[in-house]
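One-letter residues, chain by chain:
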Amino acid sequence: MVDHNISEERLNLFIDEQLDSDEMDAIHKAVLEDATLRERVCQLKAVRELVGYAYSEVPPSRYENEKNKRIQPGFYRAIAASMLVFIGVLLGWSTYGYTPKAVKAISAENAFQYVANHVTVDDRQRKIVLHIDSGDIKVVNAALHEADQLLATYRKANTPMKLDVVTNKGGINILRDDVSPYLARIQKLIEDDDVTFYACARAIQKARKKEGADIRIIEGVTTDKTVRQLIPDRLKNGWVYIKA
Amino acid sequence: MKIVKNLVAALSLKSEFAARRNKLYRIAYAWSHDSALSDDLVQETVYKALKNADKLRDIATLDAWLYRILYNCWQDYLRVKGRNVEFVEMHDSEQADQSDNYQQSQIVKRVRSSIEKLPMPLREVVTLADFSGLSYAEIAEITDVPIGTVMSRLYRARQNLKQELLEFGSDNLSELVLRRVK
């Protein structure tokens, strides 16, 4: 029996795909069966579309106006601009530390190129640590969704990436084989995507003390380190930190 | 070889970053409804991005990083002007001349007017989500609020907009949405 009594908040999460796959499927089924529900979803989606549409065309910026007025010498101009950017990189952008006006005089386009170039030359492997410290369904769903998106993005770009998920406090519950509703999804991340999951040793110890029973963490999860060891260690080594 | 490699990288990313600038400008406009102010905000964002380029560790997070800088610039502006800035008075006076196509659309006017009526935190979140297409987690990071707050703001924003827009007439709205889908 599909529950058709779905709150507006949940429908929002549904259209933004912020629910886990079981919930998405359940609401999708209900929407197919219930015309009123279908209309509510359509209205929400229409609102979302309209907000996107409302600013799809805006008055042109000064930058755009100037760009359109400029003569376009094409390739040579691009080369010159890029060389300027690259020379800036070579010099460590020696001007920007103490002459802000010089930086402001550089066109925005070159500025963005500089940022891109600066990042591109950093060829370290992409390493991301995702920190989950809550068992709240919204937080966990968003975090797992984020993990999926990160993996998909890097896979698409054919860029190697290492993702570690560190849990503590209520977050360790997602890794407990007796209470977690996310086991299949997490196993898939471990086995198919080589994601490493950690449950904070201290959080496990606290939970064990509080519940007076053993805390069973699923296989393949590292449990011998604390979050205070894991995260600072990664940050020191250039990992990108994302808090769920 | 490294020089050539970097040069090629800079060239190939040129269009990508030009597009990013445009996105920043649009979201700034969605918040402020003022093209000159949006330009200033984006310029300031670029300047700060340059100054702090070494803090960006991963190109994949570039969008969220830039939005966050832009958001902080916008908050600085609001702080200086005071939270009670009357946005109705900030309407772009040049808008009608420069963009007849979209201004002619009564629906767009109505949607923008409905967005204007939202409290600023709701407006910021709904435009980041529905216009920029950012995830809840990214918006939480950009606006420095818990993800639950993002959800509730988004919910309230869409409820208000739905109410406002339904009053305008569902026929007009469905027509527009259908045209977009095509």
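Reading the values: rules and limits
Residues numbered from 1 in each chain as written. Chains lettered and ligands numbered in written order. Predicted model: local features only at pLDDT ≥ 70, side-chain atom pairs only at ≥ 80, totals over all residues. Helix = DSSP H or I, 4+ residues; strand = E, 2+ residues; numbered from the N terminus. Buried ≥ 20, exposed ≤ 12 C-beta atoms within 10 Å, placed from the backbone. Contact = placed C-beta atoms within 7 Å. Pairing = 2+ DSSP bridges. Right-handed = clockwise from strand over helix to strand, strands pointing away. Expected span 1.5 Å × (residues − 1). Axes fitted to C-alpha atoms, helices over the stretch in contact; angles between N-to-C directions. Parallel < 35°, antiparallel > 145°, perpendicular 65-115°, else oblique. Left-handed = near helix turned anticlockwise from the far one by under 90°. Nonpolar A, V, L, I, M, F, W, Y, C, P; charged D, E, K, R; others polar. Core = buried A, V, L, I, M, F, W, Y, C linked by C-beta atoms within 7 Å. pLDDT = per-residue confidence, 0-100.

A. How the structure looks around the overall build of chain A. Scanning chain A for helices and strands turns up eleven helices and four strands. Considering chain A as a whole, with its 244 residues, one finds that 34% of them fall into the buried category. For chain A, long-range pairs separated by at least 24 residues make up 73% of all intrachain contacts whose partners lie at least 6 apart in sequence.

B. Structural context of the overall build of chain B. The number of helices and strands found in chain B is eleven helices and zero strands. Mapped in sequence order, the helices and strands of chain B form the string α-α-α-α-α-α-α-α-α-α-α. Every one of the 182 residues in chain B was classed for burial, and the buried ones make up 41%. Contacts spanning at least 24 positions in sequence make up 66% of the contacts within chain B whose residues lie at least 6 apart.

C. Expanded view of the pairing of strand E3 (residues 196-199) of chain A. All names here are of chain A. Relative to E3, strand E2 (residues 161-167) runs parallel, the two being bridged by four bridges. Counted as the bridge partner of Val165 is Phe197 from E3. The handedness of the E2 to E3 crossover, carried by helix H9 (residues 183-193), is right-handed.

D. Expanded view of helix H4 (residues 62-81) of chain B. With 20 residues, H4 of chain B should reach 28 Å at 1.5 Å per residue; the first-to-last C-alpha distance of 29 Å fits that figure. Among the residues of H4 of chain B, those classed as buried are Trp65, Leu66, Tyr67, Ile69, Leu70, Tyr71, Cys73 and Trp74 of chain B.

E. Here's a closer look at the packing of helix H8 (residues 120-130) of chain B against helix H9 (residues 136-143) of chain B. Residues and elements named next belong to chain B. Two numbers describe how H8 lies on H9: the axes approach to 10 Å, and their chain directions differ by 140 degrees. Between H8 and H9, the crossing angle belongs to the class labelled oblique. Of the two possible hands of crossing, H8 and H9 adopt the one that is right-handed. Two secondary-structure elements touch here, H8 through Glu124, Val125, Leu128 and Ala129 and H9 through Ile139, Ile142 and Thr143. Of the residues assigned to the contact of H8 with H9, the class counts are five nonpolar, one polar and one charged.

F. How the structure looks around the nonpolar core. Ranked by size, the top nonpolar core spans 96 residues in total, and within it Leu130, Ala143 and Ala147 of chain A together with Ala28, Leu70, Val125 and Ile139 of chain B carry the most contacts. Excluding its chain neighbours within four sequence positions, the residues that come into contact with Ala147 of chain A are Leu130, Leu163, Val165, Leu189 and Val195 of chain A.

G. Broad picture of unusual backbone geometry. Even without glycine at this site, Asp194 of chain A takes up a positive phi of about 60 degrees. By secondary structure assignment, the location of Asp194 of chain A is in the loop between H9 and E3.

H. Highlighting the confidence of the model for chain B. All names here are of chain B. The predicted model of chain B has a mean per-residue pLDDT of 74, with 67% of residues at 70 or higher. Confidence, expressed as mean pLDDT per element, reaches its minimum in chain B at helix H6 (residues 100-103) with 43 and its maximum at H8 with 93. Considering only residues more than four positions removed or in separate chains, one finds that residues 6-13, a stretch of pLDDT under 50, has 18 contacts. Of the regions scoring below 50 in pLDDT, residues 173-182 engages in 14 contacts with residues more than four places distant in sequence or in other chains. This prediction of the complex comes with two scores: 0.50 for pTM and 0.72 for ipTM.

I. Here's a closer look at the sheet that holds strand E1 (residues 126-132) of chain A. Residues and elements named next belong to chain A. Overall, parallel pairing links the four strands, which are arranged E3-E2-E1-E4 in an open sheet. Taken across any chain shown, the strands that pair with only one partner, and hence form the sheet edges, are E3 and strand E4 (240-243). Neighbour-to-neighbour, the strand axes of the sheet open up by a mean angle of 20 degrees, direction not taken into account.

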